[in-house]
Amino acid sequence: MKRDVAVLGVGQTKFGSHPDKTLPELFAEAFFEAFDSSNIELRDIEAIYFGNFVGEITDGAANLGGFIADEIGLSGIPAYRFEGACASSSVAFREAYLAVKHGIYDCVLVGGAEKLHSAGTPIGTRALATALDSAYEVNSGLTFPGVFALIARLYAKTYDIPLDKLREKIAHVSVKNHKYGAMNPKAQFYNKFGNLKVEDVLNSRMICSPLTLFDCCPMTDGASAVIIATADFAEDRVDEPIYVRGTGQASAGSLFRQKWDIVKALPRRKSAEMAYKEAGMTPKDIDVAFIHDCFTIAEVIASEAMGFFEYGKGADAVEEGLTWADGEIPINPDGGLIGKGHPVGATGTAQIYSAVKLLRGELDFVKIDAETAITDTLGGDFGTLVNIILSVHRR
Amino acid sequence: MFKDFFSALMEGKLIGAKCRECEEITCPPKSTCNRCGSRNLEIVELSGKGKIVSYTVTYVAPLGYDREVPYVVAIVELDEGAWIIGRLDVDAEKADNEDLIGKRVEVYGKEFPTEQFYPDKQRRVVPMFRVVE
Ligand SMILES: [Zn+2]
């Protein structure tokens with residue numbers, strides 16, 4: 001018994017700094033927005049799929065399923081916590097989707113919360129590094145900016161682009177995503193850096209060469225929530241259900257174990273192909289993409305692996321404007337991780353929040369005609385990859 | 001297993017796991033072959049020589065590593081084919097001003113203080129890469 005699945009309400013807190021709230025309190029805020037726009041009863045929700053990456057380190061908090069359920073008045077139902085680094089809530093979403101699709105539940109809550117900003121940069125950087133190989137990568141002091149710095153330098157070499165030229169090209173990702181982030185009231189950088197220039201990116205503080213501060217997404221506190229159900233259930237309750245048309249997921253080990261293709265991000269290609277296949281679509285059918293731009297170069301290599309551009313052409317594409325809101329394939333018109341913020345465990349369902357709002361024509365600050373969107377969430381150095389395709393059309 | 005790898009490295013030996021099915025060298029060793037997934041492996045000593053694939057100078061370090069900045073993290077492709085991650089023992093300025101990709105290196109081990117989250121609670125060993133050309 002396979003059923004079509006759709007999104008009802010979505011919710012997202014303002015991204016940024018929330019030192020005054022616990023993880024469950026922060027999540028409750030996102031949940032209430034999602035619930036209040038779903039036209040359902042509390043008792044309709046049969047299970048909770050919650051994503052969180054490092055609650056133990058930032059808040060001394062684990063076993064979060066129960067605390068989340070209790071905080072929002074749903075104590076008693078099954079509540080799971082999912083951890084797949086930055087892809088935690090996308091993994092949660094995919095599991096929730098599969099459960100509804102295959103008849104386990106009719107209506108469930110998915111979401112995530114994280115408090116990395118409040119943790120401070122040294123602890124936050126160490127917490128993020130737990131998503132790397134703990135024995136063989138972290139020992140050298142490798143960090144996530146470091147991983148993508150290694151990839152940037154290798155990308156330049158592989159495609160024979162002078163490193164300084166590549167830095168300029170990928171700086172456009174930061175300029176673009178900050179432009180949209182500055183327009184997004186829920187973004188960490190709302191009203192900030194909207195007029196960032198390529199030179200500002202190049203001249204900001206070096207974090208891991210060749211990546212500077214503006215090549216990186218920030219540390220963020222935030223939460224997001226999504227209610228999904230069978231398409232029939234959703235159609236009875238909301239005017240514009242957004243249908244989940246396909247999902248994909250893939251895995252890999254440490255970066256150095258993936259020696260065959262680190263600039264090509266093979267796990268992402270596998271995950272995206274799984275999602276396209278289930279949806280019966282190709283990259284040409286996608287109108288807008290919400291891609292894991294943890295770093296400028298990360299968006300570029302993702303845009304290639306997902307099939308929007310040939311390998312080696314992604315950096316040119318952003319420089320030429322093809323991924324801007326008025327371009328061929330708009331990428332991250334909500335600001336992405338760079339402009340909107342990256343509350344790790346909440347990021348995947350926050351991408352879905354933006355995608356759903358945009359497909360419903362409710363993303364007021366940017367106008368894009370779109371019927372189909374894809375999300376892309378990356379955990380670790382390609383260890384966990386999830387892609388989700390959403391559409392206004394059921395079939 | 002990971003402690004054996006670092007103990008050998010501190011004794012001047014870089015060890016890998018050679019696959020008896022497909023000949024692939026997996027380094028550092030893991031429970032299965034990095035190419036074919038076979039468990040039919042034997043531990044072998046490698047040449048400890050290779051070339052730089054990519055590198056980055058780290059200026060912002062995690063808690064526990066902040067006293068070591070700036071440091072240069074690199075991926076090296078060993079002559080036996082495996083890639084490993086370690087640190088280049090060149091100074092940050094040289095690494096940022098020159099293109100070191102493709103340079104030949106030799107691997108050796110260096111001990112650093114461990115930190116609360118590192119799996120070895122006694123010490124933290126880092127594969128170091130010495131440029132030899
Ligand atoms: Zn093998």
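### Some remarks on the pattern of salt bridges
Residues and elements named next belong to chain B. The tally for this structure, following the rule as stated, stands at 32 salt bridges over all chains. Here K3 and D120 are joined by a salt bridge, their closest N and O atoms 3.7 Å apart. Placement of the pair is K3 in helix α1 (residues 2-10) and D120 in the loop between β7 (104-112) and β8 (124-131), with a sequence separation of 117 residues. Here K3 falls in the partly exposed class, since its relative accessible area comes to 36%. Relative accessible area serves as the criterion here: at 7%, D120 is assigned to the buried category. Across the salt bridge formed by K51 and E77, the nearest N and O atoms sit 3.8 Å from each other. A residue pair is termed long-range when its members are at least 10 positions apart, and K51 in strand β4 (residues 49-58) and E77 in strand β5 (residues 71-78) qualify at 26 residues. With a relative accessible area of 37%, K51 lands in the partly exposed category.

### Details of the pairing of strand β11 (residues 384-391) of chain A
All names here are of chain A. Here β11 lies mainly inside the structure; eight of its eight residues are buried. Taking every second residue as pointing to the same face, both faces of β11 are buried, with T384, V386, I388 and L390 on one and L385, N387, I389 and S391 on the other. Pairing geometry for strand β10 (residues 372-379) and β11, over eight bridges, is antiparallel. When the bridges of β11 are listed, G379 appears paired with T384. Between β10 and β11, which pair antiparallel in sequence order, lie four residues; one of them, G380, sits at a positive phi of approximately 75 degrees.

### What about the sheet that holds strand β3 (residues 41-45) of chain B?
Residue and element names in this part refer to chain B. Across the sheet, which stays open at both edges, the three strands sit in the order β2-β1-β3 with antiparallel pairing between neighbours. Only two strands of the sheet have a single partner each, and these edge strands are β2 (25-26) and β3. Inspection of the sheet shows strand β1 (residues 15-19) paired to β2 by two bridges, in the antiparallel sense. Bridged to K18 within β2 is I25.

### Some remarks on the interface of chain B and chain A
Accessible area lost when the parts come together is the quantity often used to give the size of an interface. If you look at the interface, chain B gives 47 residues, while chain A gives 33 residues. Both faces considered, chain B and chain A share a buried interface measuring about 3400 Å² in area, 63% of it formed by carbon and sulfur atoms. Taken as a group, V60, W83 and I85 of chain B account for 20% of the area that chain B buries against chain A, more than any other trio of residues on that side. At the junction of chain B and chain A, the tally comes to four salt bridges.

### Looking at the coordination of the zinc ion
By definition of the ideal shapes, a tetrahedral metal site with four donors has angles of 109.5 degrees and an octahedral site with six donors has angles of 90 or 180 degrees. Residues and elements named next belong to chain B. Distances from the zinc ion to its protein donors, namely C19 (SG), C22 (SG), C33 (SG) and C36 (SG), fall within the range 2.3 to 2.4 Å. The site at the zinc ion holds four donor atoms, and with the angles between them running 103 to 118 degrees, its shape is tetrahedral. Written as a sequence motif, the donor arrangement for the zinc ion is C-x2-C-x10-C-x2-C. Here C19 is found in strand β1, whereas its partner C36 is found in the loop between β2 and β3, with 17 residues between them in sequence.

### Describing the sheet that holds strand β1 (residues 5-12) of chain A
Residues and elements named next belong to chain A. Reading across the sheet, the nine strands line up as β3-β2-β4-β7-β1-β8-β11-β10-β9 and stay open at both edges, with mixed pairing between neighbours. The open sheet has two edge strands, β3 (79-82) and β9 (288-290), and neither has a second partner. Here the strands of the sheet are splayed against their neighbours by 25 degrees on average, with no regard to which way each runs. Taken together, the six bridges between β1 and strand β7 (residues 221-230) define a ladder with antiparallel strand orientation. Paired with Q12 across the two strands is S224, which belongs to β7.

### Notes on the packing of helix α4 (residues 88-101) of chain A against helix α14 (residues 344-359) of chain A
All names here are of chain A. With their axes 5 Å apart at the nearest point, α4 and α14 run at an angle of 60 degrees to one another. When the axis of α4 is compared with that of α14, the two are oblique. Seen from α4, the contacting residues are S88, S89, S90 and F93; seen from α14, they are G345, A346, T347, G348, T349, Q351 and I352. The residue inventory of the contact of α4 with α14, partitioned by class, reads three nonpolar, eight polar and no charged.

### Observations regarding the environment of D293 of chain A
Residues and elements named next belong to chain A. The topology assignment puts D293 in the loop between β9 and α11 (296-305). When the C-alpha positions of D293 and M183 are compared, they lie 18 Å apart, and in sequence the two are 110 residues distant. The contact partners of D293, leaving out residues within four places of it in the chain, are N177, C217, E299, N332, G335, G336, L337 and I338. Polar side-chain contacts of D293 include one of 3.5 Å to the side chain of N332. A polar contact of 2.6 Å, which involves the side chain of D293, links it to the backbone nitrogen of L337.

### What about the packing of aromatic side chains?
The final tally for this structure, using the stated rule, is 17 aromatic pairs over all chains. Ring geometry for Y136 of chain A against F6 of chain B: centres 5.6 Å apart, planes inclined by 40 degrees, an arrangement best described as tilted. With Y136 of chain A in the loop between α5 (121-129) and α6 (144-158) and F6 of chain B in helix α1, this pair bridges two chains. Judged by relative accessible area, which is 10%, Y136 of chain A ranks as buried. Its relative accessible area of 4% is what places F6 of chain B among the buried residues. Relative to W324 of chain A, the ring of Y180 of chain A has its centre 6.3 Å away and its plane inclined at 70 degrees; by these criteria the two rings are edge-to-face. Separated by 144 residues along the polypeptide, Y180 of chain A in helix α7 (residues 163-183) and W324 of chain A in the loop between α12 (314-319) and α13 (336-340) bring together distant segments of the chain. With relative accessibility at 18%, the residue W324 of chain A sits in the buried group. Taken together, Y136 and F256 of chain A together with F2, F5 and F6 of chain B form an aromatic cluster joined through their ring pairs. The ring of Y55 of chain B has R153 of chain A lying over it, and the distance from NZ or CZ to the ring centre is 4.0 Å.

Thresholds applied
- Residues numbered from 1 in each chain as written.
- Chains lettered and ligands numbered in written order.
- Predicted model: local features only at pLDDT ≥ 70, side-chain atom pairs only at ≥ 80, totals over all residues.
- Heavy atoms only, no water.
- Salt bridge = Lys/Arg side-chain N within 4 Å of Asp/Glu carboxyl O.
- Helix = DSSP H or I, 4+ residues; strand = E, 2+ residues; numbered from the N terminus.
- Buried < 20%, exposed > 50% of the residue type's maximum accessible area, 1.4 Å probe, protein only.
- Pairing = 2+ DSSP bridges.
- Contact = heavy atoms within 4.5 Å.
- Buried area = accessible area lost by both parts, 1.4 Å probe.
- Donors = N, O, S within 2.8 Å, 3.2 Å for Na, K, Ca; no water.
- Tetrahedral: all angles 85-135°; square planar, octahedral: opposite > 155°, others 65-115°.
- Axes fitted to C-alpha atoms, helices over the stretch in contact; angles between N-to-C directions.
- Parallel < 35°, antiparallel > 145°, perpendicular 65-115°, else oblique.
- Nonpolar A, V, L, I, M, F, W, Y, C, P; charged D, E, K, R; others polar.
- Polar contact = N/O pair within 3.5 Å; in protein donor to acceptor, adjacent residues only side chain to side chain.
- Phe/Tyr/Trp six-rings, centres within 6.5 Å; stacked < 30°, edge-to-face > 60°.
- Lys NZ or Arg CZ within 6 Å of the ring centre and 35° of its normal.

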